[in-house]
Amino acid sequence: MRKQNRNGDYMQKKPDWLKVKYNKDAVDEMSKLMKELKLNTVCKEASCPNMGECYSNSTATFMIMGSDCTRNCRFCNVTCATPIQLDPDEPKNVAEAAKKLDLRHTVITQVTRDDLADGGAAHMAATVLAVKASCPDITVEVLISDLRGNEDALKTVLQAEPDVMNHNMETVSSLYSKIRPQARYERSLKVLSDSKRFAPDILTKTGFMIGLGESREQVEELMDDVLATGCDILTISQYLQPSNEHWPVERYVTPEEFDSLKETALQKGFSYVVSSPLVRSSYRAAEALDAIRLEAKSS
Ligand code: SF4
């Protein structure tokens, strides 16, 4: 029987291109280690379809500052609840996990902590520094909240010298009030432009989902606004509804349309674009960094 979402609309059947097998052993190994070290991965929280591939490529994304968020974005599977006290051991535990997994690239993301004056910036910076200290060859990407536009907090994160500063735009401006009500389109753009202003050598990256109800024009407008911040790397992915309680999928976008969006973004001037139905903001993150650094070396 076809499932219906909370608006009573029939849920569209997932197309074949969204069906993936994943490498259960890699996922189980990762889950066991995460449990031991009392750590969270956004991979598990978001039921990411790429877990197996990422883990087998020695990349993983750690979600720090607990598993409860102070915001309630309509597309996100993370619980909105009163967050826990920050765990002072978390930076060293993430560093230990990165070492044990022999990671070559790691993404450190966070739940949004509007309850903290600096939005958790000092804790994020401490985690980056701990990982870099215990794994000298690793590259580190931070995927941060908008820190409520706090410039000093952003500087704190950048002073830890992550290799990539990532902040997701998530969707087009006209859908913010419905889908991401506690965020502000202009504020998120400012996180990207401020990052370039404060630390021009750190690559910036953002990502958004499609299939939420946006038009092609709106997507291209978003690309232009992001490019104007000096952003280097862009990821475009298919929105997948975590549960009936979440925002409904408006449509499943074809792989061909993802390819055409990639071409458009590259023609507009992005240095590196990852665009396909199963992409997530950390997907192939290491490859993006390698490709841009190689390009910089050869030019
Ligand atoms: S702020 Fe981030 S973690 Fe929190 S609900 Fe929104 S997308 Fe999810």
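Residues numbered from 1 in each chain as written. Predicted model: local features only at pLDDT ≥ 70, side-chain atom pairs only at ≥ 80, totals over all residues. Heavy atoms only, no water.

### Looking at the overall build of the chain
Part 1 of the reasoning: When you go through the chain residue by residue, the secondary structure sums to 11 helices and 10 strands.
Part 2 of the reasoning: Each of the three principal axes of the chain carries a C-alpha extent, and together these read 50 × 45 × 40 Å.
Part 3 of the reasoning: Put simply, the chain has 299 residues, and 52% of those count as buried.
Part 4 of the reasoning: Residue pairs in contact within the chain that sit at least 24 positions apart in sequence constitute 74% of those at least 6 positions apart. (Helix = DSSP H or I, 4+ residues; strand = E, 2+ residues; numbered from the N terminus. Buried < 20%, exposed > 50% of the residue type's maximum accessible area, 1.4 Å probe, protein only. Contact = heavy atoms within 4.5 Å.)

### Things to note about the site of the ligand
Part 1 of the reasoning: The full set of residues close to the ligand is Cys69, Arg71, Cys73, Phe75, Cys76 and Thr112.
Part 2 of the reasoning: The class makeup of the residues in the shell around the ligand is 4 nonpolar, 1 polar and 1 charged. (Near = heavy atom within 4 Å. Nonpolar A, V, L, I, M, F, W, Y, C, P; charged D, E, K, R; others polar.)

### Structural notes on the nonpolar core
Soluble globular proteins tend to pack their nonpolar side chains together in the buried interior.
Part 1 of the reasoning: In this structure, Ile144 and Met223 are the most contacted members of the largest nonpolar core, which totals 75 residues.
Part 2 of the reasoning: Sorting elements by how many residues they give to this core places helix α5 (residues 121-134) first, with 6 residues.
Part 3 of the reasoning: When sequence neighbours within four positions are dropped, the list of residues in contact with isoleucine 144 reads Gln110, Met124, Leu154, Val157, Met165, Asn166, His167 and Val191.
Part 4 of the reasoning: Counting 6 residues, the second largest nonpolar core, distinct from the first, contains Val164, Leu203, Ala288 and Ile292. (Core = buried A, V, L, I, M, F, W, Y, C linked by side-chain atoms within 4.5 Å.)

### Section: the pairing of strand β10 (residues 272-275)
Part 1 of the reasoning: Pairing between strand β9 (residues 233-238) and β10: 4 bridges, direction parallel. Within β10, the position partnered with threonine 235 by the bridge is valine 274. (Pairing = 2+ DSSP bridges.)

### Focus: the sheet that holds strand β6 (residues 139-143)
Part 1 of the reasoning: Taken in spatial order, the 8 strands of this open sheet run β1-β2-β5-β6-β7-β8-β9-β10, and their pairing is mixed. Across the chains shown, the open sheet's two edge strands, defined by having one partner strand only, are β1 (40-41) and β10.
Part 2 of the reasoning: Across 6 bridges, strand β2 (residues 59-64) lies against strand β5 (residues 105-110) in parallel orientation. Among the inter-strand pairings, methionine 63 is bridged to a residue of β5, identified as threonine 109.
Part 3 of the reasoning: In this fold helix α10 (residues 255-268) packs onto β8 (203-210), β9 and β10, with an angle of close to 165 degrees to the strand it touches most, β10. (Axes fitted to C-alpha atoms, helices over the stretch in contact; angles between N-to-C directions.)

### Considerations on the pairing of β5
Part 1 of the reasoning: Counting buried positions over the 6 residues of β5 gives 6, a clear majority of the element.
Part 2 of the reasoning: Residues His105, Val107 and Thr109 point to one face of β5 and Thr106, Ile108 and Gln110 to the other, with burial holding for every one of them.
Part 3 of the reasoning: The sheet contact formed by β5 and β6 spans 5 bridges and is parallel. Residue valine 107 lies in a different strand from β6, and its bridge partner there is glutamate 141.

### Remarks on the pattern of salt bridges
Part 1 of the reasoning: Inspection of the entire model under this criterion finds 19 salt bridges.
Part 2 of the reasoning: For aspartate 146, the salt bridge is made with arginine 71, and the minimal N-O distance between the two is 2.9 Å. Here arginine 71 lies in the loop between β3 (68-69) and β4 (79-80) and aspartate 146 lies in the loop between β6 and α6 (151-158), a separation of 75 residues in the sequence.
Part 3 of the reasoning: Owing to a relative accessible area of 6%, arginine 71 belongs among the buried residues under this scheme.
Part 4 of the reasoning: The partner of lysine 190 in a salt bridge is glutamate 151, and the shortest N-O contact between them spans 2.6 Å. With a gap of 39 residues between them, lysine 190 in helix α8 (residues 185-198) and glutamate 151 in helix α6 connect regions that are remote in the sequence.
Part 5 of the reasoning: Through salt bridges with shared partners, a single ionic network connects Arg71, Asp114, Asp146, Arg148 and Arg187. (Salt bridge = Lys/Arg side-chain N within 4 Å of Asp/Glu carboxyl O.)

### A word on unusual backbone geometry
Part 1 of the reasoning: Even without a glycine there, the phi angle at methionine 65 is positive, about 75 degrees.
Part 2 of the reasoning: The residue methionine 65 is located in the loop between β2 and β3 in this model.
Part 3 of the reasoning: Its identity is not glycine, yet glutamate 161 carries a phi of approximately 55 degrees, on the positive side.
Part 4 of the reasoning: As for its position among the elements, glutamate 161 is in the loop between α6 and β7 (164-166).
Part 5 of the reasoning: Using a relative accessible area of 55% as the deciding quantity, one classes glutamate 161 as exposed.

### Description of the packing of aromatic side chains
Part 1 of the reasoning: By the definition in use, this model includes 1 aromatic pair.
Part 2 of the reasoning: Ring geometry for tyrosine 176 versus tyrosine 185: centroids 5.5 Å apart, planes at 90 degrees, classification edge-to-face.
Part 3 of the reasoning: Look at tyrosine 176 and you get buried, because its relative accessible area is 4%.
Part 4 of the reasoning: A residue is classified by how much of its surface remains accessible, and tyrosine 185, at 10% relative accessible area, is buried. (Phe/Tyr/Trp six-rings, centres within 6.5 Å; stacked < 30°, edge-to-face > 60°.)

### With respect to the state of the cysteines
Part 1 of the reasoning: Throughout the structure, instances matching the rule amount to 0 disulfides.
Part 2 of the reasoning: In this structure cysteine 231 is a free cysteine whose sulfur lies 19 Å from that of cysteine 73, the closest cysteine sulfur available. (Disulfide = S-S within 2.5 Å.)

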